[in-house]
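Architecture at a glance
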Amino acid sequence: MNGQNRSNVKIGATVKIVLKADQKTGKLTEGTVKKILTNSPTHPHGIKVMLTDGQVGRIQEIL
């Protein structure tokens, strides 16, 4: 599922995000959503979330 729509993102969902440091390489990090940080209903680069381990990035894929 696409990570650009806030309505698709639920707390506790398993997602793949791209961290700020990994944006050039596109390396994805898998984790569980703890907090949704983007307020707008959509974002072209993905909704920004915080994972349960504290990492912050933009959702590329919802698993």
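Remember, it's a predicted structure, so these values are computed and weren't measured experimentally.

Each helix and strand counted, the chain has 0 helices and 4 strands in total. Helices (α) and strands (β) of the chain occur, in sequence order from the N terminus, as β-β-β-β. Relative to a compact globule of 63 residues, whose C-alpha radius of gyration would be 11 Å, the chain shows 10 Å and is just as compact. For the chain, the spread of C-alpha atoms along the principal axes amounts to about 25 × 25 × 20 Å. Here the chain holds 63 residues, and the buried ones make up 35% of them. About 3900 Å² of surface is accessible on the chain, with carbon and sulfur atoms providing 51% of the total. The chain carries 10 positive and 4 negative side-chain charges, and their two centres are separated by 10 Å.

The rules behind the values
- Residues numbered from 1 in each chain as written.
- Predicted model: local features only at pLDDT ≥ 70, side-chain atom pairs only at ≥ 80, totals over all residues.
- Heavy atoms only, no water.
- Helix = DSSP H or I, 4+ residues; strand = E, 2+ residues; numbered from the N terminus.
- Rg over C-alpha atoms; globule rule 2.2 N^0.38 Å.
- Buried < 20%, exposed > 50% of the residue type's maximum accessible area, 1.4 Å probe, protein only.
- Areas by Shrake-Rupley, 256 points an atom, 1.4 Å probe, with all protein chains shown as cover.
- Lys, Arg positive; Asp, Glu negative; His and termini not counted.
- Charge placed at Lys NZ, Arg CZ, Asp CG, Glu CD.

Fair warning: the whole summary comes from geometry, so function is off the table for now.
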